[in-house]
Amino acid sequence: MQARTAVNTTHTLFVYGTLRKGQANHGLLKDARFLGNAKTAERYGLYVLPHGVPYAAHNGSQLVAVSGEIYSVDEITLEAVDHFEGHPDVYERREVPVVLECGIEVNAWMYFLPLAVHGASRPLPSGDFCQP
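Each chain has its residues counted from 1, running along the sequence as written. Totals for whole chains, interfaces and linings use every residue, but because this is a predicted model, local features are given only for residues with pLDDT of at least 70 and side-chain atom pairs only at 80 or more, for both listing and counting. Each side-chain value is worked out from all heavy atoms of the structure, with water and hydrogens disregarded.

Engineer: Could you give an account of the side chain of glutamate 85, with specific residues and numbers?
Structural biologist: Relative to the helices and strands, glutamate 85 is located in helix 2 (residues 75-85). Of the side chains bearing the opposite charge, arginine 93 lies closest to the buried glutamate 85, which forms no salt bridge; the N-O distance is 9.6 Å. In this structure, glutamate 85 is in contact with Leu19, Val90, Tyr91 and Tyr111, ignoring residues within four places of it in sequence. Numbering of helices and strands runs from the N terminus; a helix is a DSSP stretch of H or I covering at least four residues, while a strand is a stretch of E covering at least two. Three exposure classes are used, based on accessible area relative to the maximum for each residue type with a 1.4 Å probe and protein chains only: buried under 20%, partly exposed in between, and exposed over 50%. We count Lys and Arg on the positive side and Asp and Glu on the negative side, and we leave His and both chain ends out. A pair is scored as a salt bridge if a Lys or Arg side-chain nitrogen falls within 4 Å of a carboxyl oxygen belonging to Asp or Glu. Any two residues whose heavy atoms approach within 4.5 Å are treated as being in contact.

In structure tokens:
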């Protein structure tokens, strides 16, 4: 009975990089329900590492509202994304406020790289990994 509850638990997930539609790792969200496009309510640093992987940081020289997509995911999908992102050892998942295109604000999980490597990275002042 407890396992069924965990499977039925849903989470709101904000993705801004390779998990978005049309990106290399979107397949991890194949069982997720797309809720819409959104931006973070707060500003963060958005960067791309030299090998093309994006990351968000709580600090940086160019803080922006980060663009992305919102999904409703089950516990199994969230665990799979956590594993993919290396949470909590590489990326760290935190709950943040995001604003859907329709203006509704919701809290969603978002991944941050806590060890900033800005010197080796390129900032994305547009706030959008898919439209730099």
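Alright, that's what it looks like, and here's the rest.
Engineer: Residue-level account of the nonpolar core, with values.
Structural biologist: By nonpolar core is meant a set of buried Ala, Val, Leu, Ile, Met, Phe, Trp, Tyr and Cys residues that side-chain atoms within 4.5 Å join together. Core analysis: the largest hydrophobic core is formed by 34 residues, its most contacted members being Leu13, Phe14, Tyr16, Leu29, Val66 and Met110. Counting residues per element, the ones that place at least two in this core are strand 1 (10-15), strand 2 (33-48), strand 3 (54-57), strand 4 (63-74), helix 2, strand 5 (92-100) and strand 6 (105-112). Apart from the residues lying within four places of it in its own chain, the contact partners of phenylalanine 14 are Ala38, Lys39, Thr40, Val66, Ser67, Gly68, Glu69, Ile70, Val98, Ala108, Trp109 and Met110.

Engineer: Talk me through the pattern of salt bridges; I want residue IDs and the actual numbers.
Structural biologist: As enumerated under the stated definition, the model contains 4 salt bridges in all. Here aspartate 31 makes a salt bridge to lysine 30, at a shortest N to O gap of 3.6 Å. Judged by its relative accessible area of 59%, aspartate 31 falls in the exposed class. Given the relative accessible area of 65%, lysine 30 is considered exposed. Close ionic contact of arginine 94 with glutamate 92 constitutes a salt bridge, the shortest N to O distance being 2.5 Å. With a relative accessible area of 36%, arginine 94 lands in the partly exposed category.

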